[in-house]
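# Notes for the structure review
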Amino acid sequence: MIGRLSKNKIIIQEAWTQYDIRDILDDINPILVSKGYSPTYFFEGTPVLGVGGFSVIIKLAKDLTDADYRVIKRILLLRNIKIVEEDKLEA
């Protein structure tokens, strides 16, 4: 799986099943909801091999703080998700 992180959006791509996405959301949702980020979720994908799998786009009402960004990044890394930091690509 691939995690694309920016200050106001989190994208998880190439999940094999919707259960993989759910497990990740179970870990990061408490942070997003309790800190007032008001996440909006967009689910897409197909279980067909070679098409990209399932993905979720999480748009946030406000930018992540540096501390929350690092925590979410750490959670994704611990789940063996490859991280692409979008903000650093734009710089």
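Located above this text is the structure these notes cover.
The paragraphs below set out a description of the structure included in this document. None of these values were measured; they are calculated from a predicted model. (Residues numbered from 1 in each chain as written. Predicted model: local features only at pLDDT ≥ 70, side-chain atom pairs only at ≥ 80, totals over all residues. Heavy atoms only, no water.)

### So, the side chain of Ser55
Filter applied, for reference: Numbered from the N terminus, helices here are DSSP runs of H or I no shorter than four residues, and strands are runs of E no shorter than two. Only protein chains enter the accessibility calculation, which uses a 1.4 Å probe; a residue is then buried when its area is under 20% of its type maximum, exposed when over 50%, and partly exposed in between. Residues are treated as being in contact if the distance between any of their heavy atoms lies within 4.5 Å.
For Ser55, the position within the fold is in strand β4 (residues 54-59). Under the relative-accessibility criterion, Ser55 is labelled buried at 10%. Setting aside residues no more than four positions away along its own chain, Ser55 makes contact with Ile12, Gln13, Ile21, Phe42, Phe43 and Glu44.

### Focus: helix α2 (residues 66-78)
Here is the rule: Expected span of a helix: the number of residues minus one, times 1.5 Å. Comment: arc refers to directions from the helix axis out to C-beta atoms.
With 13 residues, α2 should reach 18 Å at 1.5 Å per residue; the first-to-last C-alpha distance of 18 Å fits that figure. Within α2 the residues assigned to the buried category are Asp68, Tyr69, Ile72, Ile75 and Leu76. Buried positions in α2, seen along its axis, are confined to an arc of 125 degrees and lie on one side of it. Turned more than 90 degrees away from the buried face of α2 sit Asp66, Arg70, Arg74 and Leu78, all of them exposed. In the core, the buried residues of α2 are packed alongside β1 (2-5), β2 (9-15), α1 (18-34) and β5 (82-85). Of the residues one or two after α2, Asn80 is the one with positive phi, at around 60 degrees.

### Considerations on the packing of α1 against α2
Rules: Lines fitted to the C-alpha atoms define the axes, with helices restricted to the stretch that makes contact. Angles between their N-to-C directions range from 0 to 180 degrees. For this classification, under 35 degrees means roughly parallel, over 145 means roughly antiparallel, 65 to 115 means roughly perpendicular, and everything else is oblique. When residues are sorted by character, Ala, Val, Leu, Ile, Met, Phe, Trp, Tyr, Cys and Pro go into the nonpolar class, Asp, Glu, Lys and Arg into the charged class, and all the rest, Gly among them, into the polar class.
Axis separation between α1 and α2 bottoms out at 10 Å; the angle between their running directions is 170 degrees. The pairing of α1 with α2 is recorded here as roughly antiparallel in orientation. Mapping the contact onto sequence places Ile24, Asp27, Ile28, Ile31 and Leu32 in α1 and Asp68, Val71, Ile72, Ile75 and Leu76 in α2. Classifying every residue of the contact of α1 with α2 by side-chain character gives eight nonpolar, no polar and two charged.

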